[in-house]
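These are the residues of each chain, in order.
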Amino acid sequence: MKDHIQTLLSAALDRLRDQGLIPADTEVAVHVERTRDRRHGDFATNLAMALARPARRNPREIAQALVAALPSSPEIERVEIAGPGFINFTLVPEAWPRVVSHILEAGEAYGRSDIGAGRRVQVEFVSANPTGPLHVGHGRGAAYGAAVADLLAAVGYQVHREYYVNDAGRQMNILAVSVWLRYLEACGETVPFPSNGYRGDYVRGIAARLREAVGERLCRPAGEVFADLPPDAPQGDKEVHIDALIARAKALLGEAEWREVFDLGLSAILEDIREDLEAFGVVYEAWFSERSLVASGAVERAVERLREGGHTYEKGGALWFRSSAFGDEKDRVLIRDNGEPTYFASDVAYHLEKFERGFEHVIDIWGADHHGYVPRVRAALQALGCDVDRFEVLLVQFAVLYRGGEKVQMSTRSGEFVTLRQLREEVGTDAARFFYVMRRCEQHLDFDLDLAKSQSADNPVYYIQYAHARVCSVFRQAREKGLVWDRVRGEANLHRLVEGHEQALFERLSRYPELVEAAALAREPHQIAHYLRELANDFHTYYNAHPFLVEEAELRDARLCLIEAVRQVIANGLGLLGVSAPESM
RNA sequence: GCGCCCGUAGCUCAGCUGGAUAGAGCGUUGGCCUCCGGAGCCAAAGGUCAGAGGUUCGAAUCCUCUCGGGCGCGCCA
């Protein structure tokens, strides 16, 4: 409907250009919006006011010319000029109920569109280091990223969801050595556990699996392992200590056996993460390995390209990228003085590779604590000649859990953090997915565990799901009473739905496609969450005000059509957020 | 010190690329169950949109500054 009015206005605009009333080169976006007040009709545009300046005319004068030039339409009952120069459109009454037929016809496809035109867009999200289970901080990125990806898919983009696996860095070596030490313990050795190691219980679990797989073949006496190592903190430097420990482990085991430990740890954790996300309703098209990037020489190639482009220099034995020439606050090291590439170097290679894979748009979803990282990646892409307008980073702020009004403390050091899995077990996937995307991603999120668990009206998830279940329940009741819903008869009698509650529902339902489009383009799934609450409220209100299973079959069938449409839109909307739509609760 | 995000009702937050009288939920107060699920509904009270300038027909929205809160500023990942 909105599109229809936009089309009419564009036509009128062309006529005014032809008539010379406005300069031919005037560029103006035709912007149609829903009115907030019924007295202003159903839709309004500020086009005349936007044209006032370039045309050097009074807005109302332009509005009159626009209205005169407007092609006629059977959908529109009235066009009025109001206030400083708004043009208000009122639809013919018959236009509204039609939305119900559209919804019943389209079913799950209602709200989907093709504005993406099949363009390929990549969404990379979560990408947590595979050194331990996902925690609740990752949960928000997972829920948000999945919702953004699903929204983009819903409006016609070809979406590629990707998880970047940091399986090549020092942190992974630390994990491997942690696993190995726990394994030694399991073999009966007594080892002092490094203060910088991974202390979580899951490491013991992986060590146990290792022992099952290889027996005591990889066991070495603790005395040999720790002989002459630099001291751990607090006497010594914990970083130096653990690096020496890693080197010793590699020396004692040899490359092949070290790799065995490393790979078992990596695959165990990746498997855990994958299962965790899957249970959270989050699936990926690809898991992209950093190690494969290093192995294929892509990192060297990317660094080489920067060097050839004259964007690098050497200082202090290291190779630097002149990112400050592209807006970053300082230059960044690509290759350390020890010859090892930095994490940044492989990230440059990864992002270059994204563009080389031919995505038309590349979206990264990061925790807000990485915001300082954005300018350097952008700088690198620019230096490599990529179109940075096609690169977008969405930063997700922290989520803080509350229980009983108190902040839930999390400590990574002790290994006692709240995992995503624990959260799912406590509040359920539906509540978790919904709560995570209830707020704009720039907004800090207060996650109230008690509220998420509560089965009451206070809890928006239950409120919305209840509306869905209630519709299903009405249909169950109808069947029990032997009433058969005749959809065709219902659709033929939609004009009978003249109650205020019914009109409100038509209006609400009709804006759903606009909403999905807006939410997708703005990457704002929270708009869907808010909409669904309002829709559910409209429905519950209607439910309380009017019986659906009335005697008169025509009216009854029409009302059943309407509430079935409501059910469909709730199901579609919840689906975009990864929340289930139960038939009973 | 520099950079990014945030500041709207007692609390948690919406407010669509600037638009007509700033909206929800919770909480508070007062109502609605012989009836399709009361896990629901209705009503009332509650605001100097942090503050000050600026841009214009018009600013919660855009720009600048100030104040307050969060986060980040490694040859870590």
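Look above for the structure.
Attention in this report is confined to the structure presented alongside it. (Residues numbered from 1 in each chain as written. Chains lettered and ligands numbered in written order. Predicted model: local features only at pLDDT ≥ 70, side-chain atom pairs only at ≥ 80, totals over all residues. Heavy atoms only, no water.)

## Here's the deal with the packing of helix H11 (residues 298–308) against helix H12 (residues 343–356)
In contact at an axis separation of 8 Å, H11 and H12 are set at 90° when each is read in the N-to-C sense. With respect to H12, the axis of H11 lies roughly perpendicular. Counted together, Ala298, Val299, Ala302, Val303, Arg305 and Leu306 of H11 and Ala345, Ser346, Val348, Ala349, Leu352 and Glu356 of H12 form the full contact between these two elements. Split by residue class, the contact of H11 with H12 holds 9 nonpolar, 1 polar and 2 charged. (Axes fitted to C-alpha atoms, helices over the stretch in contact; angles between N-to-C directions. Helix = DSSP H or I, 4+ residues; strand = E, 2+ residues; numbered from the N terminus. Parallel < 35°, antiparallel > 145°, perpendicular 65-115°, else oblique. Contact = heavy atoms within 4.5 Å. Nonpolar A, V, L, I, M, F, W, Y, C, P; charged D, E, K, R; others polar.)

## A short note on the protein's contact with RNA strand B
Around RNA strand B sit 64 residues, and of these His31, Arg39, Ala457, Tyr466 and Arg470 come closest. Protein-proximal atoms of RNA strand B, defined as those within 4 Å of the protein, fall in sugar or phosphate at a share of 62%. One nitrogen or oxygen atom from the side chain of histidine 40 is found 3.3 Å from a base nitrogen belonging to RNA strand B. For RNA strand B, a base nitrogen lies 3.1 Å from a polar atom in the backbone of glycine 316. Taken together, the residues of the surface near RNA strand B sort by class into 21 nonpolar, 25 polar and 18 charged. (Near = heavy atom within 4 Å. Polar contact = N/O pair within 3.5 Å; in protein donor to acceptor, adjacent residues only side chain to side chain.)

## Let's talk about the environment of valine 79
By the element assignment, valine 79 lies in strand S3 (residues 76–82). Between the alpha carbons of valine 79 and phenylalanine 43 there is a distance of 9.7 Å; along the sequence they are 36 residues apart.

## Points about the packing of helix H6 (residues 170–186) against helix H7 (residues 201–214)
Axis separation between H6 and H7 bottoms out at 8 Å; the angle between their running directions is 65°. Classed by the angle they form, the pair H6 and H7 counts as roughly perpendicular. In the crossing of H6 with H7, the sense of the turn from one axis to the other is right-handed. Only Tyr202, Val203, Arg204, Ile206, Ala207, Leu210, Arg211 and Val214 of H7 make contact with H6, whose side of the interface consists of Leu175, Ser178, Val179, Arg182, Tyr183, Glu185 and Ala186. Residue composition of the contact of H6 with H7, by class: 10 nonpolar, 1 polar and 4 charged. (Left-handed = near helix turned anticlockwise from the far one by under 90°.)

Just geometry here; none of it tells us what the structure is for.
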